[in-house]
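# Notes for the structure review
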Amino acid sequence: MNTIIRKSVLSVAGFAFAGGVFAGPIAAHANPVDTKPVAVAVQSAKPQGDQSRITLNDEQSANVKAIIAATKKAGLPERAAVISIATSLQESKLENLGHLGDKNDHDSLGLFQQRPTSGWGTPEQITDPAYSTTAFLKGLKQVDGWQDMPLTQAAQTVQVSAYPDAYAQWEQQATDLVGQHWNS
């Protein structure tokens, strides 16, 4: 979405919100026609497919916070953090993995299973959560329209995984984690 249209949409949304704030006390005394709650869209689309969820330990929670901090430092919105966390959930379950021996996928390391031989950085850099997140986000920013595409498509374009649809299953948990930690 180009900048002019985005600003126009945000302006209309701002006026609608302001109108609701000021009209709210007046409308509270009117006879309600429909008292059903209205859902507010927090993410760009409903998560695709069946969703997975894991319980996080302290290390995984710290890695969520590191991903969010790196995303904020890069000046990117919450959606970038959601995509990053969902990607890391799929790649490593938010664990900063070292070399896994025979179970290793080539020389993949860290939260995003990035490979030194593919140019992601040195093993020391890739296993630094802030660095690996920044590297992932750098790749994400190069994807035209990543903000509006399905999470799995954005993640796959950066990661080039053998299982391109697997990222989608983590979208709800990633969205929940960003919602929980973005402002903390």
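Here goes a summary of the coordinates provided. Every residue gets a number counted from 1 within its own chain, in the order that chain's sequence is written. With the structure being a predicted model, the display of local features is reserved for residues of pLDDT at least 70 and the display and counting of side-chain atom pairs for 80 or more, all residues being used for whole-chain, interface and lining totals. Side-chain measures were taken over the full set of non-hydrogen atoms in the model, leaving aside hydrogen atoms and water.

## Observations regarding the packing of helix α2 (residues 58-73) against helix α5 (residues 129-141)
How we decide: Note on geometry: axes are lines fitted to C-alpha atoms, helical ones only across the stretch in contact, with angles between N-to-C directions running from 0 to 180 degrees. Secondary structure elements follow DSSP: runs of H or I no shorter than four residues count as helices, runs of E no shorter than two count as strands, and numbering proceeds from the N terminus. Any angle that is under 35 degrees is reported as roughly parallel, and any over 145 degrees as roughly antiparallel; angles of 65 to 115 degrees are reported as roughly perpendicular and all others as oblique. Handedness of a crossing is defined here by the sense of rotation of the near helix relative to the far one, left-handed for an anticlockwise turn of less than a right angle and right-handed for a clockwise turn. In what follows, a contact means two residues having at least one pair of non-hydrogen atoms within 4.5 Å. Residues were grouped as follows: Ala, Val, Leu, Ile, Met, Phe, Trp, Tyr, Cys and Pro as nonpolar; Asp, Glu, Lys and Arg as charged; and all remaining residues, including Gly, as polar.
The contact between α2 and α5 brings their axes to 9 Å, and the two run at 50 degrees. Taken as axis vectors, α2 and α5 run oblique relative to one another. Judged by the twist between their axes, the crossing of α2 over α5 is right-handed. Taking contact as the criterion, the partners of N63, A66, I67, A70 and T71 in α2 are, on α5, P129, A130, T133, T134 and L137. Looking at side-chain class alone, the contact of α2 with α5 contains six nonpolar, four polar and no charged residues.

## A short note on the packing of aromatic side chains
For any pair of aromatic rings, the description rests on two quantities: the centre-to-centre distance and the angle between the ring planes. Threshold: Any two of the Phe, Tyr and Trp rings considered here, Trp counted by its six-membered ring, make a pair once their centres fall within 6.5 Å; the pair's planes then place it as stacked at under 30 degrees, edge-to-face at over 60, or tilted in between. Only protein chains enter the area calculation, which uses a 1.4 Å probe; residues under 20% of their type maximum are buried, those over 50% are exposed, and those in between are partly exposed. By the criterion adopted, a ring carries a charge over it if an Arg CZ or a Lys NZ lies within 6 Å of its centre and within 35 degrees of its normal.
Taken as a whole, this structure holds one aromatic pair when the rule is applied. Look at F112 and F136: their rings are 4.9 Å apart centre to centre, the planes differ by 10 degrees, and that puts the pair in the stacked class. Here F112, found in the loop between α3 (78-92) and α4 (123-126), pairs with F136, found in helix α5; they are 24 residues apart in sequence, far enough to count as distant. Looking at F112, the relative accessible area reads 0%, which means it is buried. A residue is classified by how much of its surface remains accessible, and F136, at 0% relative accessible area, is buried. Across from the ring centre of W182, 5.1 Å away, lies the NZ or CZ of K72, which sits over that ring.

## Some thoughts on the nonpolar core
Quick reminder of the rule: Residues belong to one nonpolar core when they are buried, are Ala, Val, Leu, Ile, Met, Phe, Trp, Tyr or Cys, and are joined through side-chain atoms within 4.5 Å.
Among the nonpolar cores identified, the biggest contains 34 residues, and I83, I85, L94, F136, L140 and W146 are the most heavily contacted of them. At the level of elements, α2, α3, α5, α6 (151-159) and α7 (171-181) are the ones that each hand at least two residues to this core. At seven residues, the largest contribution of residues to this core is made by α3. The residues touching W146, leaving out its near neighbours within four places in the chain, are L76, P77, R79, A80, I83, L140, K141 and A154.

## Considering α7
Inspection of α7 places E171, Q173, A174, T175, L177, V178 and H181 among the buried residues, and these make up the whole buried set. Looking at the packing, one finds that the buried side of α7 touches α2, α3 and α6.

## A few points about the environment of T134
Its place among the elements puts T134 in helix α5. Once the C-alpha coordinates of T134 and K73 are considered, the two residues, 61 residues apart in sequence, prove to be 8.9 Å apart.

## Quick look at the packing of α3 against α7
Across the interface, α3 lies against α7 with an axial gap of 8 Å and an inter-helix angle of 130 degrees. Taken as axis vectors, α3 and α7 run oblique relative to one another. Judged by the twist between their axes, the crossing of α3 over α7 is right-handed. Of α7, the residues touching α3 (which contributes E78, R79, A81, V82, I85, A86 and L89) are E171, Q173, A174, T175, L177 and V178. Of the residues that constitute the contact of α3 with α7, the class distribution is eight nonpolar, two polar and three charged.

## Section: α5
Applied cut-off: Multiplying 1.5 Å by the helix residue count minus one yields the expected span of that helix.
Under the 1.5 Å per step criterion, the end-to-end length of α5 is 18 Å for 13 residues, consistent within 8% with the ideal 18 Å. Of all the positions in α5, only P129, S132, T133, A135, F136, L137, G139 and L140 are classed as buried. Contacts from the buried residues of α5 go to α2, α3, α4 and α6.

## Let's talk about unusual backbone geometry
Non-glycine residue K93 carries a positive phi angle of around 55 degrees. The residue K93 is located in the loop between α3 and α4 in this model. The phi torsion at V160 lies on the positive side, around 55 degrees, for a residue other than glycine.

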